[in-house]
Each structure stands twice: as C-alpha cells, then as structure tokens.
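What follows is each chain in one-letter form.
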Amino acid sequence: MSRPFIYLDYNATAPAKPEVAEVVARVMTEGGNPSSVHTHGRAAKALVEEARAQVAALAGAEPKSVTFTGSGTEANNLVFTGAVKANKVGRLLISTTEHESVAKTAAASGLALEELPVDRFGAIDAEALGERLEGSSEKALVSVMLANNETGRIQDISQLAAIAHEAQALFHCDAVQAAGKIPLDMTALDADFMTLSAHKFGGPQGVGALLRRPSIDVAAMILGGGQELGRRSGTENLAGIVGMGLAAELAVRDMATMSSLAKWRDDMESQIGAYAPEALVVCQESQRLPNTSLISLPGVLSETQVMTLDLAGFGVSAGSACSSGKVAASHTLKAMGLGDEIASSAIRVSLGWKTTQEDVKAFTQGWMTMRDRLSPQARTEVA
Ligand code: PLP
C-alpha cells in the first residue's frame, strides 16, 4: 500500500488549520460587506475588528496599527510606496537576503538603495548599518526580515532597529516567516512597520497585514472606496480576514508545539550529518526558526534532489530557483559567501503544525536513499 505524500514545505505555505477552514467556509456562506450600514454589514464589520485584534495580539501590537492587505507581498509593496510617501523617505537600506517582495519593490521605488551585507552565518553587520546611517541628511528606511525564508536564520531586529532609530531612520521588519513559529512582539523588536502573511501560519492564502507604530502613518497604494481607514481600498476579503484572525489566535495557542519541532529537526540533521559527512546544514549553529533546515548535498543540483524526493513521496523545495531552464543559485546563500557548489545544491525542509515525528524519520531515510543514489561522494565510497 502506498503511503501518503509527506509535505515538508511549510515555509512555502502551510495548510489551513481545520478550525480556520471551517470559519472561512461559514463566513463565505453568510457573506456581508463591512461597509454596509445595515445589521448584516455591521456584523461583518465587527468580524473584521475582532480579526484585527487577534492579528495584533499575535504580534504584540495595537489593533489600530493593523491594515489588512491581499498578501505579504502587498504589505511589503505598501511599505516601499505608501510608507515611503507618507514619511518623506529618500533613502532605502535593505539586507542582501530579503525576499523578492522587498528587494524588487525597493529597487523599483526609484529611491537611493543600498544593500546591507550579511556574514557567512547570515547575520547583518550592525556596525556597518550604523556607519552607513551616520550623518545621513535624508530620511532613511531600513528593512530587514526577522527570519529568512530559506535558512530560517533569525536576525537581531531590536539591535538593528535601535541603530536605525538613533539615526532617525524608520525600520521595517518582514516577519512573514517568523509569525506563528517564534513569539513575536513588535514593541520589543522596536519596529515601525511589520509584515505578516496568513498562509504561513495556518490561515488562508491571499490575505496579509501591514502593522505599524500607530504614530507613524502609511499612505494608500490602492485607492477607491476608502476601506481600512483609507489605507487600503477594495471590499474587504471578509472570509480571509476572519480566517487570518483565527489562525493568529491558534498560532499563539500552538506556539509550544512549533518550538518542539526543533528537536525532530535537530535529530534529522545529526543523523544526516553522521551518515553523509559531505552534507552541510546551512546556519546550523546560528539562531534559526525551529521548523527549518537547509541541507546542501554538494555535487547534486537542488532541482534533481527535489524531483527525486518528490518521486519518493516527499514535498520539499529547492534552496535555489529555476528560471527559463537555467538553475539560479540561491541569492541568500550567495550573499552569505557560500560558493556556487553549496548554493546550487541546497534543499529546504520545513516542518509545520501537521508534521509528525514519523514524517521526519521517514524523510531522513528517504534523504539517505537519495544520497546513496546521487551523491558523487557515495559513489566514491562504493568504488
Ligand atoms: N516575505 C517573506 C520572507 C516570504 O517568505 C514571503 C513568501 O514566501 C513573502 C514575504 C510574501 O508573502 P505572500 O506569499 O503572502 O505574498
């Protein structure tokens, strides 16, 4: 009997939790436009406000600081358009390992853009940030992700934000990968803006949020009927927003389960390391998300590994992207100074709320079988 497919790609998207799927279906069936003044509309508005409070609670923020968007990507776009406009920002500084929704939008803004280097452990050089901001006459915006989507590396956001604030710069933190996996406190992190995306923590796809310090504003990027207090027009994705709110509440409830994933992940990594000395776990010694493992098998392209594992019944993703038939090595790993060989042979394994210890054990075996078939090192051992 064939066993079920084992999904280990939670950093790409997490399945919605059953309670979330149930509430989304119910709200879609009941409908309601939060802008309508009648009873049905007012009930829909109340649901949006409840979700706003739930999302704020996940991030230790105030409900009024939450603007719902159509995705994490849209929230990041709103930072580099609306936040830049409202705060007369003239200069951007982002890390070299940011997600494309930050990197491409910052590049398209037309503003002066500088990239902050990371060391070989994926950490941003805080001193370099301070030096670059020193004596800046123009208002700057610094954007650094809390946790990296590929490596899971966690940055010292409060330290970087303090340096930015010292120089009167604004600070944005893309917390899309961190939310629901590690405790989040926007006040403690001292961020002025923070991005969240529901589908990464058990909510529906197609809904995100930009959180901000209430005293700092953001101008609208999408104009129209003035929803979200004029900051994001368009009839609200009511079911999505309610789903995001419940997912946020459940993420707080389930945080201990998420941190316990680190044990299974670490066991997998040490077994793989003992079995295949040529394998490299990126950021293994650094502070990282409890669910993420980026494993390089030198000499075997990421795509080949992903396909082989897929055929064996495991869903993981490449640490590198494939465009127009060409394998592009991961920009994150390249930025960390890891050579092409490592950068083009890494796969990301990311666990989540449905993952069992048996899944991780089965994957570990599956990875070893793949390694024996594909690794040049394994062939040498046989010869
Ligand atoms: N930021 C990071 C770090 C991400 O990993 C992602 C998605 O993978 C996004 C932003 C974009 O979020 P969304 O899928 O909601 O557009």
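This text gives an overview of the structure that appears in the document.

Rules of the game
- Sequence positions are assigned chain by chain, starting from 1 and proceeding in written order.
- This being a predicted model, a pLDDT of at least 70 is required before a residue's local features are given, and a value of 80 or more before pairs of side-chain atoms are given or counted; all residues contribute to the totals for chains, interfaces and linings.
- For side-chain calculations, the full set of non-hydrogen atoms in the structure is used, while hydrogens and water are omitted.
- Every axis in this analysis is a line fitted to C-alpha atoms, fitted for helices over the stretch in contact. Angles between the N-to-C directions lie between 0 and 180 degrees.
- Helix numbers and strand numbers start at the N terminus; a helix is a DSSP run of H or I with at least 4 residues, a strand a run of E with at least 2.
- An angle below 35 degrees is treated as roughly parallel, one above 145 as roughly antiparallel, one from 65 to 115 as roughly perpendicular, and anything else as oblique.
- Note on convention: the crossing is left-handed when the near helix lies turned anticlockwise from the far helix by less than a right angle, right-handed when the turn is clockwise.
- In this analysis, two residues are considered to be in contact whenever any of their non-hydrogen atoms come within 4.5 Å of each other.
- Amino acid classes used here: Ala, Val, Leu, Ile, Met, Phe, Trp, Tyr, Cys and Pro are nonpolar; Asp, Glu, Lys and Arg are charged; the rest, including Gly, are polar.
- To define a nonpolar core, start from buried Ala, Val, Leu, Ile, Met, Phe, Trp, Tyr and Cys residues and group those joined through side-chain atoms within 4.5 Å.
- Throughout, exposure labels follow a simple rule: accessible area from a 1.4 Å probe, protein chains only, divided by the maximum for the residue type, with under 20% read as buried, over 50% as exposed, and the rest as partly exposed.
- Here a cavity denotes grid points, spaced 1 Å and computed from the protein atoms alone, that fit a 1.4 Å probe unable to get out, and a pocket denotes an open set having protein on both sides within 12 Å along at least 5 of 7 lines; residues with an atom within 4 Å of a point are the lining.
- Grid points are joined across faces, edges and corners, and a volume is the space filled by probe spheres set on the points.
- Pairing between two strands is assigned when DSSP locates at least 2 bridges connecting them.
- Cysteine sulfur atoms that come within 2.5 Å of each other are treated as a disulfide pair.
- Under this definition, polar contacts are N or O atom pairs within 3.5 Å; protein pairs additionally need one hydrogen-donor-capable and one acceptor-capable atom, and for neighbouring residues in sequence, both atoms have to be side-chain atoms.

## Focus: the packing of helix α1 (residues 18–30) against helix α8 (residues 238–253)
And step 1. Where α1 meets α8, the closest approach of the two axes is 9 Å, and the angle between their N-to-C directions is 160°. Comparing the axis directions of α1 and α8 gives the class roughly antiparallel. Of the two possible hands of crossing, α1 and α8 adopt the one that is right-handed. Every residue of α8 that contacts α1 at Glu-19, Val-20, Val-23, Val-24, Val-27 and Met-28 is listed here: Leu-238, Ala-239, Val-242, Gly-243, Leu-246, Ala-247, Leu-250 and Arg-253.
And step 2. Of the residues contributing to the contact of α1 with α8, the split by class is eleven nonpolar, one polar and two charged.

## Let's talk about the nonpolar core
And step 1. In this structure, Val-142, Leu-146, Phe-171, Leu-184, Met-194, Leu-196 and Leu-211 are the most contacted members of the largest nonpolar core, which totals 69 residues.
And step 2. The element best represented in this core is α8, accounting for ten residues.
And step 3. Look past the residues within four positions of Leu-146 in its chain and what remains in contact with it is Arg-153, Ile-154, Gln-155, Ile-157, Cys-173, Asp-174, Ala-175, Ala-178, Ile-182, Leu-184 and Leu-189.
And step 4. By size, the runner-up hydrophobic cluster in this structure holds 25 residues, among which are Ile-6, Met-258, Leu-261 and Phe-314.

## Brief notes about empty space enclosed by the protein
And step 1. Per the stated rule, a full pass over the model turns up two cavities of 30 Å³ or more.
And step 2. The calculated volume of the largest cavity comes to roughly 100 Å³.
And step 3. Looking at the largest cavity, it is lined by 16 residues, and the ones nearest its centre are Gly-180, Lys-200, Phe-201, Met-258 and Trp-353.
And step 4. Among the residues making up the lining of the largest cavity, the classes are represented as eight nonpolar, four polar and four charged.
And step 5. By volume, the second largest cavity is sized at about 40 Å³.
And step 6. Lining the second largest cavity, in full, are Thr-97, Gly-122, Met-145, Asn-148, Thr-151, Arg-153, Gln-155, Thr-332 and Met-336.
And step 7. Here the lining of the second largest cavity is built from residues that sort into two nonpolar, six polar and one charged.

## Side note on the sheet that holds strand β15 (residues 346–350)
And step 1. Sheet architecture is open: four strands sit in the order β9-β10-β15-β12, paired in antiparallel fashion. Each edge of the open sheet is held by one strand with a lone partner, namely β9 (280–281) and β12 (317–318).
And step 2. Of the strands in this sheet, β9, β10 (292–296) and β15 are in contact with helix α9 (residues 255–275), which crosses β10 at around 15°.

## A few points about the layout of surface pockets
Any empty space left between atoms is shown by rolling a water-sized probe over those atoms.
And step 1. What the second largest pocket holds in volume is close to 210 Å³.
And step 2. Considering the residues around the second largest pocket, the lining is formed by 16 residues, among which Lys-45, Glu-49, Arg-52, Glu-228 and Leu-229 are closest to the centre.
And step 3. Sorting the residues of the lining of the second largest pocket by element identifies α2 (39–58) and β2 (66–69) as the ones contributing at least two each.
And step 4. With four residues, α2 is the largest single contributor of residues to the lining of the second largest pocket.
And step 5. For the lining of the second largest pocket, the per-class residue count stands at five nonpolar, three polar and eight charged.

## Here's the deal with the state of the cysteines
By definition, a disulfide links the sulfur atoms of two cysteines through a covalent bond.
And step 1. Per the stated rule, a full pass over the model turns up zero disulfides.
And step 2. Not part of a disulfide, Cys-173 finds its nearest cysteine sulfur in Cys-283, a span of 16 Å.
And step 3. By relative accessible area, which is 8% here, Cys-283 ends up buried.

## Considering the pairing of β2
Regular strands show a simple pattern: their side chains alternate between the two faces of the sheet.
And step 1. Both faces of β2 are covered, namely the face carrying Val-66 and Phe-68 and the face carrying Thr-67 and Thr-69.
And step 2. Here β2 runs beside strand β8 (residues 208–212); their pairing, made up of four bridges, is antiparallel. Pairing of Val-66 across the sheet is with Leu-211, part of β8.

## Describing the side chain of Ser-344
And step 1. By secondary structure assignment, the location of Ser-344 is in the loop between α12 (340–343) and β15.
And step 2. Relative accessible area serves as the criterion here: at 16%, Ser-344 is assigned to the buried category.
And step 3. Among the polar contacts listed, one links the side chain of Ser-344 to the backbone oxygen of Asp-340, at a separation of 2.7 Å.
And step 4. Leaving out residues up to four positions away in the same chain, Ser-344 has contacts with Val-300, Leu-301, Ser-302 and Ala-329.

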